[in-house]
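Here is what each chain is made of, one letter per residue.
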Amino acid sequence: MKVAKDLVAASATPMVLGILAEGDSYGYAILKRINELSGGELDWTEGLLYPLLHRLERLGHVESSWQSVAGERRRKYYRITSGGLAELAEQRRQWDAVVGALKEIWPGSGETRPLTAVLRGGFA
Amino acid sequence: MTGEQDDLEAQFAQWRQYVRRRRELRQTDTDELEDHLRGSVEELRAAGLRADEAFLVAVKRMGSLDELAREFAREHSERLWKQLVLTGGTDDPAVGGRPRRELLAMVLCAVGAAVSVKVPELFGADFERDGAFYGPNAGLLVLPWLAAFLAWRRRAGRVVVGVLLALFALGAVAANAYPLAEDSQSVVLTSIHLLIALWFAVGVAYVADDPRSPRRRMDFVRFTGEWFVYYVLIALGGGVLTVFVFGTFETIGASPEDFVGRWLLPCGAAGAVVVAGWLVEAKQSVVENIAPVLTRLFTPLFTAVLLAFLVTYGVTGGGIDVEREALILFDLLLAVVLGLLLYSISARDPLAPPGPFDKLQLALVVSALAIDVLVLLAITGRITEYGTTPNKAAALGENVILLANLAWSAWLLLGMVRRRAPFAALERWQTNYLPVYAGWAWVVALVFPPLFGFL
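Numbering of residues starts from 1 in every chain and runs along the sequence as written. Throughout, the order in which chains and ligands are written sets their labels, letters from A for the former and numbers from 1 for the latter. The predicted nature of this model means local features are confined to residues of pLDDT at least 70 and side-chain atom pairs, given and counted, to a pLDDT of 80 or more, with totals for whole chains, interfaces and linings taken over all residues.

(A) Inspection of the overall build of chain B at higher detail. Runs of E in the DSSP output that reach at least two residues are strands. Runs of H or I that reach at least four are helices, and both are numbered from the N terminus. The number of helices and strands found in chain B is 16 helices and zero strands. Exposure is read from a count of other C-beta atoms within 10 Å of each residue's own; the residue is exposed at 12 or fewer, buried at 20 or more and partly exposed in between. C-beta atoms are placed from the backbone. Looking at chain B as a whole, 30% of its 455 residues qualify as buried. Across chain B, every contact between residues at least 6 apart in sequence was considered, and the portion connecting residues at least 24 apart equals 80%. Two residues form a contact once the distance between their C-beta atoms, set from the backbone, is within 7 Å.

(B) Region of the structure containing the overall build of chain A. Of the regular secondary structure elements, chain A holds five helices and three strands. In chain A, the succession of helices and strands from N to C terminus is α-β-α-α-β-β-α-α. Expressed as a percentage of its 124 residues, the buried residues of chain A come to 20%. Taking the intrachain contacts of chain A between residues at least 6 apart in sequence as the baseline, contacts between residues at least 24 apart amount to 50%.

(C) Spotlight on the pairing of strand S2 (residues 62–68) of chain A. Residue and element names in this part refer to chain A. Relative to strand S3 (residues 74–80), S2 runs antiparallel, the two being bridged by seven bridges. Among the inter-strand pairings, Glu63 is bridged to a residue of S3, identified as Arg79. We treat two strands as partners when DSSP finds at least two bridges between them. Following S2, the chain reverses through five residues before pairing antiparallel with S3; Ala70 in that reversal takes a positive phi of roughly 40°.

(D) Quick peek at the interface of chain A and chain B. Counting residues at the interface gives 14 residues for chain A, matched by 17 residues for chain B. Listing elements by their share of the side of chain A that touches chain B, those giving two or more residues are helix H2 (27–37), helix H3 (46–59) and S3 of chain A. Broken down by element, the side of chain A that touches chain B gets its largest block of residues, seven residues, from H3 of chain A. Three categories are distinguished: nonpolar for Ala, Val, Leu, Ile, Met, Phe, Trp, Tyr, Cys and Pro, charged for Asp, Glu, Lys and Arg, and polar for the others, with Gly belonging to the last. Taken together, the residues of the side of chain A that touches chain B sort by class into four nonpolar, four polar and six charged.

(E) Layout of helix H8 (residues 185–206) of chain B. What a helix is expected to span follows from its residue count: subtract one and scale by 1.5 Å. For H8 of chain B, spanning 22 residues, the distance from its first C-alpha to its last is 32 Å, which sits close to the expected 32 Å at 1.5 Å a residue. Within H8 of chain B, 16 of the 22 residues are buried, leaving the element largely enclosed by the surrounding structure.

(F) Summary view of the packing of helix H6 (residues 131–153) of chain B against H8 of chain B. All names here are of chain B. Following both chains from N to C, one finds H6 and H8 inclined at 5°, their axes separated by 9 Å at the closest point. Relative to H8, the element H6 is oriented roughly parallel. Contacts between H6 and H8 involve Ala132, Gly135, Pro136, Ala138, Gly139, Leu140, Leu143, Leu146, Ala147, Leu150 and Ala151 from the former and Val187, Thr190, Ser191, Leu194, Leu195, Leu198, Trp199, Ala201, Val202, Ala205 and Tyr206 from the latter. Tallied by class, residues from the contact of H6 with H8 come to 18 nonpolar, four polar and no charged. Note on method: axes are straight lines fitted to C-alpha atoms, helices fitted across the in-contact stretch only, with angles between N-to-C directions ranging 0 to 180 degrees. Angles are sorted into four bins: roughly parallel if under 35 degrees, roughly antiparallel if over 145, roughly perpendicular if 65 to 115, and oblique for all others.

(G) The sheet that holds S2 of chain A, seen in detail. All names here are of chain A. Taking strand neighbours across the sheet as the criterion, the three strands line up as S1-S3-S2 in an open arrangement whose pairing is antiparallel. Pairing within the sheet leaves two strands with one partner each, and these edge strands are strand S1 (25–26) and S2. Two elements, S1 and S3, share two bridges in a ladder whose sense is antiparallel. Paired with Tyr26 across the strands is Tyr77, a residue of S3. Across the face of the sheet, helix H1 (residues 5–22) comes into contact with S1, S2 and S3 while running at roughly 95° to S3.

(H) The confidence of the model for chain B, seen in detail. Residues and elements named next belong to chain B. The pLDDT value tells you how sure the predictor is about a given residue, anywhere from 0 up to 100. Taken over all residues, the pLDDT of chain B has a mean of 83, while the share at 70 or more is 91%. Counting interchain partners and residues more than four positions distant, the pLDDT-below-50 stretch residues 84–96 has 17 contacts. Confidence estimates for the predicted assembly give a pTM of 0.67 and an ipTM of 0.74.

(I) Structural detail: the nonpolar core. Residues and elements named next belong to chain B. Note on terminology: a nonpolar core is any set of buried Ala, Val, Leu, Ile, Met, Phe, Trp, Tyr and Cys residues joined through C-beta atoms within 7 Å. Grouped together as the largest cluster of nonpolar side chains are 81 residues, with contacts concentrated most on Ala113, Ala147, Ala205 and Val274. A total of 11 residues in this core trace back to one element, the largest contributor, which is H6. Domain extents, as shown, originate in an automatic or database domain assignment. Taken domain by domain, this core gets at least three of its residues from each of domain 2 (93–283) and domain 3 (290–421). Each residue touching Val274, except ones within four places of it in the same chain, is listed here: Met106, Cys109, Ala110, Ala113, Trp145, Leu146 and Phe149.

(J) Up close: helix H11 (residues 290–316) of chain B. Residue and element names in this part refer to chain B. Between its first and last C-alpha, H11 extends 39 Å over 27 residues, near the 39 Å set by a 1.5 Å rise per residue. The seven residues ending at a residue and the seven starting there each receive a fitted axis; the angle between those axes is the bend at that residue. A maximum bend of about 35° is found in H11 at Phe298, where proline Pro300 lies one to four positions downstream. Of the residues making up H11, those classed as buried are Ala291, Pro292, Thr295, Thr299, Thr303 and Leu306. Gly317 occupies a position one or two residues after H11 and carries a positive phi of about 75°.

Have a look at this one:
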């Protein structure tokens, strides 16, 4: 099973911001981490990741810096900013609402919790 | 092992070159994607793949470059537009110094050209009255600066610089050594032909890095077309500026007429020659060339007009009224047809099969030839009757040169449409023919005045 394209796109921003909230990272590592987290079911491409990173940079959610690794190679590292953390919190609130609502209508898919508890306790 | 590593590096270099051609991707994007690719390759090699296999798989995984570029373009749509920034707009620090130096060199040459136009005034020449001086010398005052800029940019060798100096010195002789009256035919002829001859000297500077290559010569043809378009655009802008200078200063009771006529116009026109040349050089890879686009638009229209002319001529059955103006008009017509041919050649994919547009061009050239033969028949009759003048001889010579070019072009075009001859033959013919124009221009400027007794 592969996750539909629209859903991948919609979840892309919180996913990347969430990974960067764990620590600074670079493109290839971010992609690997997403693969790992989703067990390979999220079909991310470079064409999705890098323009997204650039957009987040333009919006001020992340900042980037070039660092040299292994000889002449340069690598672009991304760091989440305070604005990005705020955005992540906001996105998370919205996703919690969506996930909570879905869990309400789909009883039996995992543990069922009342909607209010989901909202209060969060998704984690 | 090191051999394998070298192969891999070569593959990366090739990939970089391939990616850099995409306008949507900047240097930093390429670097970022390359780092990604290298990460991917390393992982695959650690899993046991050979270097070249790992590279192939990694590139394949990255997906098609078209798709990648499209995604980048959605985020960076501005990259598809402007990009012509004064300092080159590069985000690569390694090449950052060069555009700035280039800008400086351009400003220097433009100012030099503008000043050169004013220098003769120190010795009593007057821009508005001394037509006999400024006419033949206009090219000599301005074009060396453009040639200098191009030669500097191409890092021209000693030989090229020597040739350039010799050509411009020869031009100075042609412009000033002969005693030509201001109202003589020769002064006008020299002015026009010396300008053409010196433009080809600029061409020598343009192809300085590889003078014999037909590709470079074709590049000079492209350069000429784009330069002209840019010059016209700058002139339009200058016109707007002039209008505002007049309008605003007149509201406060000052008359800027003298300033505009003596400074703004001559200096602006001279400086713009260099600026337009620099613009063409700077934006080469940024904007679609406009001259070929205009060619596409006007080739069908000109073909229709020429065919209509031939049909009308056939129906009415009257002769062609060949005054001197008519001969010049038909010369210009041939030049335009040649230009249309040349610029569509310059933009044509050499490997593309012959298409309907090539047939249309054949029709254009053949109808222009037919008209010209009619005109030539009429004019030679008149010359044998009344004797010749410098103007007639020059116009006739030009006609013959253009006719020869177009006739052979038509033959090659026919071969191409019938798939007998490759397109390259036509291209080579045109680029090899370029020196003929220069040669004729020199002949008219240097030999005609004494030949016709400075008439």
